[in-house]
Amino acid sequence: MIKKICIIGIGYIGLPTASMFAKHKYDVVGVDINEKVIKELNEGNITIEEPNLKDLVKDVTSKGFLKGSTKPCLADLFIISVPTPINEDKEADLIYVINACKSILPYLRKGNIVVLESTSPVGTTSEIIKPIIEKNNFEVGVDIFLGYCPERVIPGNIIKELEFNDRVIGGINEISAIKIKDIYSSFVKGNMYLTDTNTAEMCKLMENTYRDVNIALANELTKICNDLHINVWEVIKYCNKHPRVNIHNPGPGVGGHCLAVDPWFIVQRVPQIANLIKISRDINDSMPIYVYDKIERILNENKADKVVTILGVTYKANIDDTRESPIIKLINILKENGYNLRIYDPNISEYENLYDDFIKACEDSELIVLAVDHTNFNNLDFKKAKSVMKNKIILDTRNFLDCRYLENEGFKCYTI
Ligand code: SAJ
């Protein structure tokens, strides 16, 4: 019987997962090397922005089902949910996974279950985690049950998707997979499909790669349409009326800790085969410079100075996360080229040249660049902004704003 769960890494995925188990009355300890995160957690607070997470954490910590600690402890189930970033050579840095695994060794007992949740290159569970556990003289699959059980949740809707999305669970052997499914079924209402660890690891990588490659196709289509003077948004709209076509949205690039990272884990393993995946990454990475070139052309065309307002810094809409954000790359390119920037993003609290007032961020500006499609940007007072701007130009990189309305208001509108 599983009673106690120890989760190593209580970030964007670990904390919601820990909270879900705690909600179902398991005795959960969330472990993190960040003392501030632990202190806040033990006071019932969270340090990340995610809808409904705050209330859930308050509830389970106040009832004593979830506690924070900087050290692991004895438990029945250990879940490793730490970051797997890429290094400069675009290879997975597994140091956090390795350290997390080593940190639980003194607490492992016969019959325990170990689950890796972190997105990892194929082979991580069987070739890296398993040998570390075996060093403690355990027979993995018999004494210790081991598997890979990645999440599939979208930031902004994590709590709901943790519960309702299907999962793929890879076990080091069948009994491990079955035991992991049993425990996750305490809160997962989606289907859970059982397989081996390498297959589950490849599924996780390929799901995000699928999306990245499709976005690359949309971004390449944008470049082609611009060259041929066709409106890409109209092309996409009509193509997607086909019952088996779903062209994704082009934009200023792909960010976040998943799509911009995971495809590289496949490329690193089979660089001679993964050509489409690599080229898609390169296309998506080229978008900030593509938007920069567009900004340059617009300003030249309108004989305007390099004073630009950027709306949005996060890697996508309605979140507070700026990791791998293509907008930061765009901002850096603009700065390197002598631009005077005014940045407005109510979802973040600190950034160079960040204004907390939209109208102030538009003062003397020559051009507004809509970089992120935060829903509340729909309510911005562009009429008022117009009165303080020098040139009344807008570049909408997401096809988000109502250009017809803005043009009626006297703006000149561009899209990518
Ligand atoms: N983007 C586009 N065009 C699109 C869709 C997205 O340019 O048509 C951009 C976004 O602006 C953003 C980036 O792609 O910069 C990634 O955003 P996203 O919403 O596609 O994905 P993430 O990274 O927030 O979450 C993904 C999800 N994976 C898939 O949808 C296949 C999520 O389900 C995963 O759980 C998550 O990665 C993860 O943790 O791996």
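Everything quoted here is computed from the prediction, not taken from an experiment.

A. Geometry of the pattern of salt bridges. Overall, the coordinates contain 17 salt bridges when judged by the stated rule. For glutamate 134, the salt bridge goes to lysine 130, with nearest N and O atoms at 3.2 Å. Of this pair, glutamate 134 and lysine 130 are both found in helix 5 (residues 124–134), four residues apart, which corresponds to roughly one turn of the helix. By relative accessible area, lysine 130 is classed as partly exposed at 25%.

B. Here's a closer look at the pairing of strand 2 (residues 27–31). Counting buried positions over the five residues of strand 2 gives four, a clear majority of the element. Each parallel crossover has a hand, and the one from strand 1 (residues 4–8) via helix 1 (residues 14–23) to strand 2 is right-handed. As defined by bridge partners, strand 2 adjoins strand 3 (residues 66–69) across four bridges and the pair is classed as parallel. Within strand 3, the position partnered with glycine 30 by the bridge is glycine 68.

C. Spatial organisation of the site of the ligand. Near the ligand lie 20 residues; those nearest to it are Val153, Lys204, Asn208, Arg211 and Tyr315. Measuring from an oxygen atom of the ligand, one finds a side-chain N or O atom of asparagine 208 at 2.6 Å. Contact between the ligand and arginine 211: an oxygen atom at 2.4 Å from a side-chain N or O atom of the residue. Within the complex, the protein chains bury 88% of what would otherwise be the 770 Å² of accessible surface of the ligand. Looking at the shell around the ligand residue by residue, the class counts come to eight nonpolar, five polar and seven charged.

D. Inspection of the packing of aromatic side chains at higher detail. Inspection of the entire model under this criterion finds nine aromatic pairs. For the pair phenylalanine 21 and tyrosine 26, a centre-to-centre distance of 5.9 Å together with 85 degrees between the ring planes defines the contact as edge-to-face. Take tyrosine 26: its relative accessible area is 16%, and that puts it in the buried class. With a centroid separation of 5.5 Å and an interplanar angle of 75 degrees, the aromatic rings of phenylalanine 358 and phenylalanine 382 are classed as edge-to-face. Taken together, the residues phenylalanine 358 in helix 14 (residues 358–362) and phenylalanine 382 in helix 15 (residues 382–388) connect sequence positions 24 residues apart. Counting every residue linked through ring pairs, the aromatic cluster contains Tyr344, Phe358, Phe377, Phe382 and Phe411. One residue, lysine 179, lies across the ring of phenylalanine 145, its end atom 4.7 Å from the ring centre.

E. Molecular detail of the state of the cysteines. All chains considered together, the criterion is met by zero disulfides. No disulfide involves cysteine 73; its sulfur sits 4.3 Å from the nearest other cysteine sulfur, which is in cysteine 6.

F. Representation of a nonpolar patch on the surface in the model. Together, Met202, Met206 and Tyr210 line one region of the surface with nonpolar side chains, adding up to about 300 Å² of accessible area. With respect to the helices, strands and loops of the structure, methionine 202 is situated in helix 8 (residues 197–227). You can call methionine 202 partly exposed: its relative accessible area is 35%.

Analysis parameters
- Residues numbered from 1 in each chain as written.
- Predicted model: local features only at pLDDT ≥ 70, side-chain atom pairs only at ≥ 80, totals over all residues.
- Heavy atoms only, no water.
- Salt bridge = Lys/Arg side-chain N within 4 Å of Asp/Glu carboxyl O.
- Helix = DSSP H or I, 4+ residues; strand = E, 2+ residues; numbered from the N terminus.
- Buried < 20%, exposed > 50% of the residue type's maximum accessible area, 1.4 Å probe, protein only.
- Right-handed = clockwise from strand over helix to strand, strands pointing away.
- Pairing = 2+ DSSP bridges.
- Near = heavy atom within 4 Å.
- Polar contact = N/O pair within 3.5 Å; in protein donor to acceptor, adjacent residues only side chain to side chain.
- Areas by Shrake-Rupley, 256 points an atom, 1.4 Å probe, with all protein chains shown as cover.
- Nonpolar A, V, L, I, M, F, W, Y, C, P; charged D, E, K, R; others polar.
- Phe/Tyr/Trp six-rings, centres within 6.5 Å; stacked < 30°, edge-to-face > 60°.
- Lys NZ or Arg CZ within 6 Å of the ring centre and 35° of its normal.
- Disulfide = S-S within 2.5 Å.
- Patch = residues over 30% accessible without salt bridge, like charges linked within 9 Å, V, L, I, M, F, W, Y side chains within 5 Å.

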